[in-house]
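# What the coordinates show
This is what each chain is made of:
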Amino acid sequence: MANYDSLQYATYLLKHEQKQNRGEKCKDSERLKTYRAEWMFQRQIDDTKFADIKEAQKFAKRVYKSKKWGKLWKASCENNMTRLLAGTPRVVAMQRRSKTMSGYTDGMTVSLCPISGLSKYTLLHELTHCLGHMHHGRSFRQTLLEMVGAFMGTAEKKILKNEFKRKGLAYGNARKPLTFNKWKAARDRMAKLREKNGKFK
Ligand SMILES: [Zn+2]
């Protein structure tokens with residue numbers, strides 16, 4: 001029985017970890033919900049538009065020089081040592097016009113659509129991906145909020161946080177899993193409940 005328990009607990013730990021940051025180790029399942037929260041956010045704020053790609057590049061350089069970027073960059077290297085070799089992201093204009101995408105990134109280069117992507121928020125979104133969050137899960141949103149707070153303002157950060165909250169999207173620290181004993185107690189409690197309910201069927 002003990003072996004069975006530890007196997008079940010290991011499965012629980014794995015599932016728990018995946019749930020904490022959807023997109024990192026499994027499907028980027030919170031992408032659309034995150035986009036929807038962002039659209040609501042963008043309706044409520046006054047986003048800065050860049051006149052051309054040069055202005056966007058200039059702004060990115062300011063971001064890279066900031067303390068906030070340095071701190072977030074360092075944190076991303078702690079999670080992934082290979083990132084120490086990466087430089088700051090390049091910002092370029094998208095080669096082809098896109099009807100659906102204002103920007104995208106491979107983690108090293110940010111491509112912005114010259115028509116719809118030349119805005120501060122679009123750039124901050126893509127730069128957040130470059131900080132080691134190549135998905136739209138919890139850690140992405142947590143870092144994005146820090147970027148918005150530092151480079152747009154505290155009022156903007158509050159609005160975005162509120163939109164995440166309304167969609168039930170987590171943006172804080174990852175929750176710690178239950179210890180083995182607590183997990184086992186909870187599992188047994190559930191089993192007993194199920195048994196009890198079964199009697200009245
Ligand atoms: Zn994205």
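Preceding block: the structure.
All of these numbers come straight from a predicted model, not from anything done at the bench.

What follows is about the overall build of the chain. Scanning the chain for helices and strands turns up eight helices and three strands. Along the chain, helices and strands appear, N-terminal first, in the series α-α-α-α-β-β-β-α-α-α-α. In terms of C-alpha radius of gyration, the chain reaches 21 Å, well past the compact-globule figure of 17 Å for 201 residues. Across its three principal axes, the chain shows a C-alpha extent of roughly 70 × 40 × 30 Å. Within the chain, the fraction of its 201 residues that count as buried is 26%.

In summary, soluble globular proteins display a tendency toward joint burial of nonpolar side chains. Within the largest apolar cluster, 27 residues are counted, with the highest numbers of intra-cluster contacts made by Ala-56, Leu-112, Leu-123, Leu-124 and Leu-127. Residue assignment for this core shows that the elements contributing at least two residues are α2 (31-44), α3 (53-65), α4 (67-79), β3 (109-112), α5 (120-129), α6 (138-151) and α7 (154-166). Looking at this core element by element, the count peaks at five residues for α6. With residues up to four places along the chain from it excluded, the contact list for Leu-123 reads Ala-56, Phe-59, Ala-60, Val-110 and Leu-112.

Moving on: the environment of Thr-82. Here Thr-82 is to be found in the loop between α4 and β1 (90-93). Note: C-alpha distance between Thr-82 and Ala-150 (68 residues apart in sequence) is 26 Å.

With respect to topology, three strands assemble into an open sheet ordered β1-β3-β2, the strand pairing being mixed. Bordering the open sheet on either side are β1 and β2 (103-105), each of which pairs with just one other strand. Sheet twist, expressed as the average angle between the axes of neighbouring strands with direction ignored, equals 20°. The pairing of β2 with β3 spans three bridges and is antiparallel. Residue pairing in the sheet places Gly-103 in a bridge with Leu-112 of β3. Across the face of the sheet, α3 comes into contact with β1 and β3 while running at roughly 165° to β1.

Looking now at α3. An α-helical turn contains 3.6 residues, so a residue and the one three or four places further along point in the same direction. Relative to the 18 Å expected for 13 residues at 1.5 Å per residue, α3 spans 19 Å between its end C-alpha atoms, a close match to the ideal helical length. For α3, the complete set of buried residues consists of Ala-56, Ala-60 and Val-63. For α3, the angular spread of buried residues about the axis comes to 55°, placing them on one side. In α3, those exposed residues whose orientation departs by more than 90 degrees from the buried face are Lys-54, Lys-58, Lys-61, Arg-62 and Lys-65. In the core, the buried residues of α3 are packed alongside α4, β1, β3, α5 and α6.

In this section: the packing of α5 against α6. Two elements in contact, α5 and α6, have axes whose closest approach is 9 Å; the angle formed by their N-to-C orientations is 140°. Between α5 and α6, the angle falls in the class oblique. The two elements α5 and α6 cross, and the hand of that crossing is right-handed. Residues Lys-120, Leu-124, His-125, Leu-127 and Thr-128 of α5 form the contact with α6, whose participating residues are Phe-140, Thr-143, Leu-144, Met-147, Val-148 and Phe-151. Classifying every residue of the contact of α5 with α6 by side-chain character gives seven nonpolar, three polar and one charged.

Tracing the chain through its elements places Glu-163 in helix α7. Look at Glu-163 and you get buried, because 20 C-beta atoms sit within 10 Å. In this structure the C-alpha to C-alpha distance between Glu-163 and Lys-176, which are 13 residues apart in sequence, comes to 24 Å.

Right, let's get into the packing of α3 against α5. The geometry of α3 relative to α5 is characterised by a closest axis approach of 11 Å and an angle of 50° between their N-to-C directions. Comparing the axis directions of α3 and α5 gives the class oblique. The hand of the α3/α5 crossing is right-handed. Packed against α3, whose contacting residues are Ala-56, Phe-59, Ala-60 and Val-63, the element α5 presents Lys-120, Leu-123 and Leu-127 at the interface. Of the residues contributing to the contact of α3 with α5, the split by class is six nonpolar, no polar and one charged.

Rules of the game
- Residues numbered from 1 in each chain as written.
- Predicted model: local features only at pLDDT ≥ 70, side-chain atom pairs only at ≥ 80, totals over all residues.
- Helix = DSSP H or I, 4+ residues; strand = E, 2+ residues; numbered from the N terminus.
- Rg over C-alpha atoms; globule rule 2.2 N^0.38 Å.
- Buried ≥ 20, exposed ≤ 12 C-beta atoms within 10 Å, placed from the backbone.
- Core = buried A, V, L, I, M, F, W, Y, C linked by C-beta atoms within 7 Å.
- Contact = placed C-beta atoms within 7 Å.
- Pairing = 2+ DSSP bridges.
- Axes fitted to C-alpha atoms, helices over the stretch in contact; angles between N-to-C directions.
- Expected span 1.5 Å × (residues − 1).
- Arc of directions from axis to C-beta.
- Parallel < 35°, antiparallel > 145°, perpendicular 65-115°, else oblique.
- Left-handed = near helix turned anticlockwise from the far one by under 90°.
- Nonpolar A, V, L, I, M, F, W, Y, C, P; charged D, E, K, R; others polar.

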